Amino acid sequence: MVRSILRQPLLHFAVLGVLIFGAYELVNETPAETDRQSIVVSEQDATWLANQFRATWRRAPLPDELQALMEDFVREEIYVRQAIALGLDQGDTVVRRRLRQKMEFLTEAGAEAATPTDQDLKDHLASNAERFTIAPRLSFSQVMIPADAPGSGEGILEALRDGTPPEELGRPSLLPQSLSLSALQAVDGTFGNGFFGQLTALGVGVWSGPVTSGYGEHIVRVDAFVPERLPTLDEVREQVELDWRAEKARELRRARFDELRSAYEILLPNAQQVLEQ
């Protein structure tokens, strides 16, 4: 029976076919077909490219210009994929930093989408009062005491209190004779460090002195003083919301990183031992 089967021409043909195809595969140099990867440029991608063009050139791209942008996008994607496949991203500080930034951006994007309530913003304002407190300000007038007559300050003070116009007294200088409502930085920037602090100790509406600046001595009248205060939410809503979003972004970044880090076993050398080597 077995001999009869072995003598069948059909079997001989099948075996010969297998041998022929096997030999062909051994000598054939044509690369085998592989699954081709897809690169899809979505409508969202094309819109993003068009918006980038518009932001740069202040106009919408022409169809052929957008086509060129999409082709360049494909070229970049091909090179990026091949570079990663070849491991060219390994050990590249610039690439690693950019990838980290993109991951952090994706993590923080949730904060941009969040919509705070008024209570959220009020709580944020109260918890971060130092960031939004309006610094004290004051306005004043001054008469400079002549440097060669330091004792004349008392006479100038009496004359001012008696109603003599300040411009008729004292010595001329390049300093302003009066300053409108200004904060510490503006006042000390003009008259020298510590001048603002001295004025806050004076009464309002009366001539006082002498007060020492970086340029000499002055008789001063504080015309108005506005103490520091925490503004209402309506006054600083935009700034508070921006700050709230920034803080939420930081919280999301920390939480997401902690979640990602927990998936790894982290092994670090001893810093002191490394430095001692």
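We now turn to the structure provided with this report. (Residues numbered from 1 in each chain as written. Predicted model: local features only at pLDDT ≥ 70, side-chain atom pairs only at ≥ 80, totals over all residues. Heavy atoms only, no water.)

Quick look at the overall build of the protein
Logical step 1: Along its length, the protein carries 12 helices and four strands.
Logical step 2: In the protein, which comprises 277 residues, the proportion classed as buried is 20%.
Logical step 3: When contacts within the protein are restricted to residue pairs at least 6 apart in sequence, those whose partners lie at least 24 apart make up 65%. (Helix = DSSP H or I, 4+ residues; strand = E, 2+ residues; numbered from the N terminus. Buried < 20%, exposed > 50% of the residue type's maximum accessible area, 1.4 Å probe, protein only. Contact = heavy atoms within 4.5 Å.)

Digging into the nonpolar core
Logical step 1: Residues Leu-138, Phe-140, Val-187, Phe-195, Leu-199 and Val-220 are the most contacted members of the largest nonpolar core, which totals 13 residues.
Logical step 2: Among the elements of the structure, strand S1 (137-144), helix H9 (184-191), helix H10 (195-200) and strand S4 (216-226) are those that each provide at least two residues to this core.
Logical step 3: Contacts of Val-220, omitting those with residues within four sequence positions, involve Phe-140, Ser-141, Gln-142, Phe-195, Leu-199, Leu-202, Val-206, Trp-207, Ser-208 and Val-211.
Logical step 4: With nine residues, the next largest nonpolar core counts Ile-156, Leu-157, Ala-159 and Leu-169 among its residues. (Core = buried A, V, L, I, M, F, W, Y, C linked by side-chain atoms within 4.5 Å.)

A few points about the sheet that holds S1
Logical step 1: Taken in spatial order, the four strands of this open sheet run S2-S1-S4-S3, and their pairing is antiparallel. Each edge of the open sheet carries a strand with a single partner, namely strand S2 (178-183) and strand S3 (207-213). Neighbour to neighbour, the strand axes of the sheet diverge by 40 degrees on average, direction disregarded.
Logical step 2: In the packing of H9 onto the sheet, contacts are made with S1, S2, S3 and S4, and the angle to S2 comes to roughly 135 degrees. (Pairing = 2+ DSSP bridges. Axes fitted to C-alpha atoms, helices over the stretch in contact; angles between N-to-C directions.)

Some details on the layout of surface pockets
Logical step 1: Approximately 720 Å³ is the volume attributed to the largest pocket.
Logical step 2: Along the wall of the largest pocket there are 19 residues; nearest its centre are Glu-76, Glu-77, Val-80, Arg-98 and Lys-102.
Logical step 3: Put simply, the parts of the chain that give the lining of the largest pocket at least two residues each are helix H3 (43-57), helix H4 (63-85) and helix H5 (93-113).
Logical step 4: The greatest single-element share of the lining of the largest pocket, amounting to eight residues, is contributed by H4. (1 Å grid on protein atoms, 1.4 Å probe; cavity = no way out; pocket = protein on both sides within 12 Å on 5 of 7 lines; lining within 4 Å. Points joined across faces, edges and corners; volume = space filled by probe spheres on them.)

Observations regarding unusual backbone geometry
Logical step 1: Cis geometry marks the peptide bond from Gly-209 to Pro-210; its omega dihedral reads 5 degrees.
Logical step 2: Position of Pro-210 among the secondary structure elements: in strand S3.
Logical step 3: You will see that Arg-58, though not glycine, has its phi angle at about 60 degrees, which is positive.
Logical step 4: Looking at the secondary structure, you find Arg-58 in the loop between H3 and H4.

So, the environment of Glu-228
Logical step 1: Mapping Glu-228 onto the fold places it in the loop between S4 and helix H11 (233-261).
Logical step 2: For Glu-228, a relative accessible area of 55% gives the class exposed.
Logical step 3: Non-local contacts of Glu-228, meaning those with residues more than four positions away in its chain, are made with Thr-133, Ile-134, Ala-135 and Pro-136.

Brief notes about the pattern of salt bridges
Side-chain pairs of opposite charge can arise where the charged atoms are in close proximity.
Logical step 1: Per the stated rule, a full pass over the model turns up 11 salt bridges.
Logical step 2: Across the pair Arg-131 and Asp-243 runs a salt bridge, and its minimum N-O distance is 2.4 Å. Of the two residues, Arg-131 sits in helix H7 (residues 129-132) while Asp-243 sits in helix H11, which places them 112 residues apart along the sequence.
Logical step 3: For Arg-131, a relative accessible area of 40% puts it in the partly exposed group.
Logical step 4: In this structure Asp-243 comes out as buried when scored by relative accessible area, which is 19%.
Logical step 5: Between Arg-131 and Glu-247 there is a salt bridge whose closest N-O contact spans 3.8 Å. (Salt bridge = Lys/Arg side-chain N within 4 Å of Asp/Glu carboxyl O.)

Things to note about H9
Logical step 1: Every buried residue of H9 is listed here: Val-187, Asp-188 and Phe-191. All buried residues of H9 fall inside an arc of 90 degrees around its axis, so they share one side. In H9, the exposed residues that point more than 90 degrees away from the buried face are Gln-185 and Gly-189.
Logical step 2: Buried residues along H9 sit in contact with S1, S2, H10, S3 and S4.
Logical step 3: The positive-phi residue at the C-terminal boundary of H9 is Gly-192, with phi of around 110 degrees. (Arc of directions from axis to C-beta.)

As for the pairing of S4
Logical step 1: Alignment of S1 against S4, held across eight bridges, turns out to be antiparallel. In the sheet register, Arg-137 faces S4, and the bridge partner there is Val-226.
Logical step 2: Relative to S4, S3 is paired through five bridges, and the arrangement is antiparallel. Within S4, the position partnered with Trp-207 by the bridge is Arg-221.
Logical step 3: The loop that links S3 with its antiparallel partner S4 comprises two residues.

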